[in-house]
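Letter by letter, the chains look like this.
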Amino acid sequence: QSIYENGNEPLFLLRNLSALSLCDIQIQFTPAATFETSLEAPGLAWSLQLLDSDDEVAAREIFEFVEGRCDLIIEPTRSDKPTPNEDLLHAPIGDPEPAPLHDLAKPAPPIASPDKSSSKEEAASPSKQVKASATVRVDLDRIDRLVNLVGELVINQAMLSQSVTQAGLPPNTNITTGLDEFMQLTRDIQESVMMIRAQPVKSLFQRMSRIVREASAAVDKRVRLVTDGETTEIDKTVIERLADPLTHMIRNAVDHGLETPAAREAAGKPAEGIVRLTAAHRSGRVVIEISDDGAGINHPKVRDIAVSKGLISEDAKLSDSEIEHLLFMPGFSTATEVSNLSGRGVGMDVVKNAITSLGGRISISSTQGQGTIFSISLPLTLAVLEGMVISVADETLVVPLNAIAETLTLPAEVIERLGPETTVISVRNEFVPLLDLGVELGYRAPKDSYEGAIALLIVQEDGSRSALVVDDIEDQRQVVIKGLQDSYGHVPGIAAATILGDGQIALILDAGDLLSRANGRSHSKNALKKAS
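The structure presented is a predicted model; accordingly, all values stated were derived computationally and were not measured. (Residues numbered from 1 in each chain as written. Predicted model: local features only at pLDDT ≥ 70, side-chain atom pairs only at ≥ 80, totals over all residues. Heavy atoms only, no water.)

Asks: Where do I start with unusual backbone geometry in this structure?
Replies: Most of the time, phi is negative for any residue but glycine, and the peptide bond is trans. The backbone phi angle of aspartate 394 is positive, close to 65 degrees, even though this residue is not glycine. Relative to the elements of secondary structure, aspartate 394 occurs in the loop between strand E13 (384-392) and strand E14 (395-400). Aspartate 394 gets classed as exposed once you look at its relative accessible area, which sits at 78%. Notably, asparagine 429 is not glycine yet its phi reads approximately 65 degrees, a positive angle. Relative to the helices and strands, asparagine 429 is located in the loop between strand E17 (423-426) and strand E18 (431-436). For asparagine 429, a relative accessible area of 81% puts it in the exposed group. (Helix = DSSP H or I, 4+ residues; strand = E, 2+ residues; numbered from the N terminus. Buried < 20%, exposed > 50% of the residue type's maximum accessible area, 1.4 Å probe, protein only.)

Pasting the structure below:
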């Protein structure tokens, strides 16, 4: 039963196996008496015989995500007339003593007993059969060790580069030329190792189809799941840790997002609701969106619930966006009754914490009557990133390069004061808030003037922009991510740390989190009094 509870669909496994090789599929079915005693008792098992493949490694990889959740046996075929290239894959999901075998309806052309001539024809025709590429099954710990070694290689390459720079060697010498080639080789090795860990999100998306069916049946709604971007690749570790939060969000979309069939027809919508799950690469990150075409968020209702639970004061003035983000507060729930899907005290705050622990961010947007979109932004890998090394108040920091749209030097004519402690700048006829990074991190007090200052134009996933003032830009390089979660927990505005070429430790900023928590102070009240 564990294989179903985690959203895995045996049909997809059987299809992937049949794409690997011609196979004979038989099902074992437990007598109905089992279901009379317990509806959750497992009662199905499959026997699959590969007819033209002896690639056991490839077969095991297909069942990688269900290993440990079902009884899986892969062994050579045992028969009176053994064939060297036949394997028997037996994956029981049920009673240890199932009923006698019953043949599934055999597809056309029949594959239970293919003759040799037809097998040769199909093997010779690439349009009829696609051979799987050769693969090697490697323990994940070995790959993690390789990733760590590549990280150390990147650090040593940075140290060599800095030593050559400090030595004052002229360009175009043998040493500098060789170092440039070493830098490119290091980058290529790092990218290749990252590709080993990368996997498409298809396996994760396929699991969600069962979650949608079970959730829609539980609340008596008609729901269809639409997926897009299944070939988008992401770090294997990220995929595994995404399963639980994504399951919760899909159930939330079915239970809270979509209306009942009667309510949808009354609103002029099709009775069948749509939950859309998409993935795409964007600005060096992976963005996963879960959307529905339901009624959207009822902002007055959400605000009233937050007031009744004491999460906000009754006289608080909140924008629609701020009200939507109340859903992520601990203890918040719009469910009036406890069910299998909602009202159990496990809210969206758990989802947000899970996404944050992966170095990601989650945002929400909703349109009344049209639906809601949850957007998850995640790093491609948890090992190495491209960063810009900056200095602020004698502190060295790293800003992820994918968050920076451009760098600016601020002339006096683009700087405008807004309110007692806030500054904005004009960037191509658009006003952008100016934030002093040193002030936001508590390193120093606001400056009296930012004329001639260096600023980084930061663009967030929702398209909003902010200018971040820094003292100097030192370099652009690959940095190895060293997590802080285990030692210090979540640090607001800080994603991780890294080791620079001179052995110095530098913090890696989480630009999105930093800007969302910014107080906006970019000049002091005293400076305003002096100016007036």
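Asks: Mind showing me how you'd approach the sheet that holds E13 here?
Replies: Hydrogen bonds between backbone atoms are what pair the strands of a sheet, whose relative direction is either parallel or antiparallel. Reading across the sheet, the five strands line up as E21-E13-E14-E23-E22 and stay open at both edges, with mixed pairing between neighbours. The strands lining the two open edges of the sheet, one partner per strand, are strand E21 (472-480) and strand E22 (494-499). On average, adjacent strands in this sheet sit at an angle of 35 degrees to one another, irrespective of strand direction. Examined bridge by bridge, E22 and strand E23 (residues 505-509) share five bridges and lie antiparallel to one another. Pairing of threonine 498 across the sheet is with alanine 506, part of E23. Each of E21 and E22 touches helix H6 (residues 140-167); the most contacted strand, E21, lies at about 145 degrees to it. (Pairing = 2+ DSSP bridges. Axes fitted to C-alpha atoms, helices over the stretch in contact; angles between N-to-C directions. Contact = heavy atoms within 4.5 Å.)

Asks: Sorry, what's going on with the pattern of salt bridges here?
Replies: Side chains carrying opposite charge are able to pair once their charged atoms draw close together. Within this structure, the stated rule accounts for 13 salt bridges. Glutamate 430 is the partner of arginine 465 in a salt bridge, and the nearest nitrogen-oxygen pair spans 2.9 Å. Here glutamate 430 lies in the loop between E17 and E18 and arginine 465 lies in strand E20 (residues 465-470), a separation of 35 residues in the sequence. Overall, the relative accessible area of 41% leaves glutamate 430 in the partly exposed class. The salt bridge partner of aspartate 436 is arginine 444, with a shortest N-O separation of 2.8 Å. Among the charged side chains, a salt-bridge network with shared partners connects Glu259, Arg264, Lys269 and Asp293. (Salt bridge = Lys/Arg side-chain N within 4 Å of Asp/Glu carboxyl O.)

Asks: Just checking my understanding: could you explain helix H2 (residues 10-20) for this structure?
Replies: Structural remark: α-helix, 3.6 residues per turn; residues separated by three or four positions point the same way. For H2, the set of buried residues is Pro10, Leu13, Leu14, Leu17 and Leu20. Buried residues of H2, viewed axially, fall in a sector of 115 degrees; they line one side. (Arc of directions from axis to C-beta.)

Asks: Just to check I follow, could you spell out the environment of lysine 269 for this structure?
Replies: Relative to the elements of secondary structure, lysine 269 occurs in the loop between helix H10 (261-266) and strand E9 (273-282). Accessibility expressed as a relative area gives 17% for lysine 269, which makes it buried. For lysine 269 and aspartate 293, which are 24 residues apart along the polypeptide, the C-alpha to C-alpha distance reads 9.1 Å. Aside from chain neighbours lying at most four places away, what touches lysine 269 is Glu259, Arg264, Asp293, Gly294, Ala295, Gly369 and Gln370. At a separation of 3.1 Å, a polar atom in the side chain of lysine 269 contacts the side chain of glutamate 259. (Polar contact = N/O pair within 3.5 Å; in protein donor to acceptor, adjacent residues only side chain to side chain.)

Asks: Explanation requested: empty space enclosed by the protein in the structure shown.
Replies: Over the atoms a probe the size of a water molecule is rolled, and this reveals where empty space is left. Tallying each qualifying case throughout the model produces two cavities of 30 Å³ or more. In this structure, the second largest cavity spans a volume of roughly 50 Å³. What lines the second largest cavity is simply Val154, Ile155, Ala158, Arg477, Gln478, Val479, Val480, Thr498, Ile499, Leu500 and Gly501. Every element with two or more residues in the lining of the second largest cavity is listed here: H6, E21 and E22. With four residues, E21 is the single largest residue contributor to the lining of the second largest cavity. Here the residues of the lining of the second largest cavity are counted per class, giving seven nonpolar, three polar and one charged. (1 Å grid on protein atoms, 1.4 Å probe; cavity = no way out; pocket = protein on both sides within 12 Å on 5 of 7 lines; lining within 4 Å. Points joined across faces, edges and corners; volume = space filled by probe spheres on them. Nonpolar A, V, L, I, M, F, W, Y, C, P; charged D, E, K, R; others polar.)

Asks: Quick question: what am I supposed to make of the nonpolar core here?
Replies: A general trend in soluble globular proteins is that nonpolar side chains are found buried together. Of all hydrophobic cores here, the largest spans 45 residues; its most connected members are Leu246, Val275, Ile288, Ile290, Ile376 and Leu378. Counting 20 residues, the second-largest nonpolar core is a separate cluster that includes Val392, Val399, Leu435 and Ala497. (Core = buried A, V, L, I, M, F, W, Y, C linked by side-chain atoms within 4.5 Å.)

Asks: Help me understand H6 in this model?
Replies: Between its first and last C-alpha atoms H6 spans 41 Å; for 28 residues at 1.5 Å apiece the expected length is 40 Å, and the two agree. All of the buried residues in H6 are Ile143, Val147, Val150, Gly151, Val154, Ile155, Gln157, Ala158, Ser161, Gln162 and Val164. Note on H6: the residue one or two positions beyond its end, glycine 168, has a positive phi of about 70 degrees. (Expected span 1.5 Å × (residues − 1).)

Asks: Please explain the side chain of arginine 477 as it appears in this structure.
Replies: Along the chain, arginine 477 turns up in strand E21. A distance of 2.9 Å separates polar atoms of two side chains, one belonging to arginine 477 and the other to aspartate 475. Arginine 477 has contacts with Ala158, Gln162, Leu385, Glu386, Gly387, Val389, Leu500 and Gly501, leaving out every residue within four places of it along the chain.

Asks: Explain the environment of glycine 489 to me, please; I cannot follow it from the model alone.
Replies: When you line up the elements, glycine 489 lands in the loop between helix H15 (485-488) and E22. Take glycine 489: its relative accessible area is 25%, and that puts it in the partly exposed class. Along the backbone, glycine 489 and serine 357 are 132 residues apart, and their C-alpha atoms lie at a distance of 9.2 Å.

Asks: How do you make sense of the pairing of strand E12 (residues 371-379) when you look at a structure like this?
Replies: Side-chain direction in a regular strand flips from residue to residue, so the side chains alternate between the two faces of the sheet. Here E12 lies mainly inside the structure; eight of its nine residues are buried. Summarising the sheet, strand E11 (residues 361-367) and E12 pair through seven bridges and their orientation is antiparallel. Residue pairing across strands places serine 366 opposite threonine 372, the latter belonging to E12. With antiparallel pairing between neighbouring strands as the criterion, E11 and E12 make up a hairpin whose turn holds three residues, including glycine 369 at a positive phi of roughly 85 degrees.

Asks: Sorry if this is basic, but what is going on with the packing of aromatic side chains here?
Replies: What characterises a pair of aromatic rings is the spacing of the ring centres plus the angle enclosed by the ring planes. Applying the stated criterion to the full structure yields one aromatic pair. Each ring, one from phenylalanine 328 and one from phenylalanine 374, has its centre 6.3 Å from the other, and the planes form 80 degrees; the classification is edge-to-face. Here the residue phenylalanine 328 occupies a position in the loop between helix H12 (320-324) and helix H13 (348-357), and phenylalanine 374 occupies one in strand E12, the gap between them amounting to 46 residues. Classification of phenylalanine 328 as buried rests on a relative accessible area of 5%. (Phe/Tyr/Trp six-rings, centres within 6.5 Å; stacked < 30°, edge-to-face > 60°.)

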